Amino acid sequence: EREVHAAWQAVATEARTMLTAAGIQEAPGVGTVFDPAVHDAIMQEFDDTMPDGTVLMVLQKGYISGEQLLRPALVKVSTR
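Residues numbered from 1 in each chain as written. Predicted model: local features only at pLDDT ≥ 70, side-chain atom pairs only at ≥ 80, totals over all residues. Heavy atoms only, no water.

**Q** Please explain the overall build of the chain as it appears in this structure.
**A** A count of helices and strands for the chain gives 1 helix and 6 strands. Starting at the N terminus, the α and β elements of the chain follow one another as α-β-β-β-β-β-β. Its C-alpha atoms give the chain principal-axis dimensions of about 45 × 35 × 15 Å. Every one of the 80 residues in the chain was classed for burial, and the buried ones make up 19%. By element, 57% of the accessible surface of the chain is carried by carbon and sulfur atoms, the whole surface being about 5,700 Å². When the 6 positive and 11 negative side-chain charges of the chain are each reduced to one mean point, those points stand 5 Å apart. (Helix = DSSP H or I, 4+ residues; strand = E, 2+ residues; numbered from the N terminus. Buried < 20%, exposed > 50% of the residue type's maximum accessible area, 1.4 Å probe, protein only. Areas by Shrake-Rupley, 256 points an atom, 1.4 Å probe, with all protein chains shown as cover. Lys, Arg positive; Asp, Glu negative; His and termini not counted. Charge placed at Lys NZ, Arg CZ, Asp CG, Glu CD.)

**Q** What am I meant to see in the side chain of lysine 76 here?
**A** With respect to the helices, strands and loops of the structure, lysine 76 is situated in strand E6 (residues 73–79). Only 2.8 Å separates the side chain of lysine 76 from the side chain of glutamate 45, close enough to count as a polar contact. Residues within four places of lysine 76 in sequence aside, it is in contact with Met43, Gln44, Glu45, Thr54, Val55, Leu56, Met57 and Leu59. (Polar contact = N/O pair within 3.5 Å; in protein donor to acceptor, adjacent residues only side chain to side chain. Contact = heavy atoms within 4.5 Å.)

**Q** Would you mind going over the nonpolar core with me for this structure?
**A** Nonpolar side chains in soluble globular proteins tend to be buried together. Counting 7 residues, the largest nonpolar core consists of Ala27, Val38, Val55, Ile64, Ala73, Val75 and Val77. Residue contacts for alanine 73: discarding those within four places in its chain leaves Ala27, Val38, His39, Asp40, Gln60, Lys61 and Gly62. (Core = buried A, V, L, I, M, F, W, Y, C linked by side-chain atoms within 4.5 Å.)

**Q** What should I look at first to understand the pairing of E6 in this one?
**A** For a regular strand, the rule is simple: side chains alternate between the two faces of the sheet. Counting buried positions along E6 yields 5 of 7 residues, so the element is predominantly enclosed. Both strand E2 (residues 39–46) and E6 contribute to a ladder of 7 bridges, which runs parallel. Along E6, the bridge assignment pairs histidine 39 with alanine 73. Taken together, the 4 bridges between strand E3 (residues 55–60) and E6 define a ladder with antiparallel strand orientation. Directly across from valine 58, in E6, lies its bridge partner valine 75. (Pairing = 2+ DSSP bridges.)

See below:
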């Protein structure tokens with residue numbers, strides 16, 4: 001079981017390295033201000049400790065290549 005986990009970790013690391021080399025980046029995540037150009041808000045949660053519109057959770061990562069959005073991040077956003 002540990003060997004399988006280690007193998008999957010190696011594959012994930014290699015995939016991230018290949019994406020970075022191709023100029024593909026993850027969309028901004030937790031703690032950033034919601035941006036409709038790169039995020040799709042699929043949930044809202046009341047949180048009076050965070051500014052309105054702050055990304056609280058990423059449910060699915062998004063990806064950007066240069067100025068082009070490849071896939072929006074699916075996120076939960078704070079509301080007051």
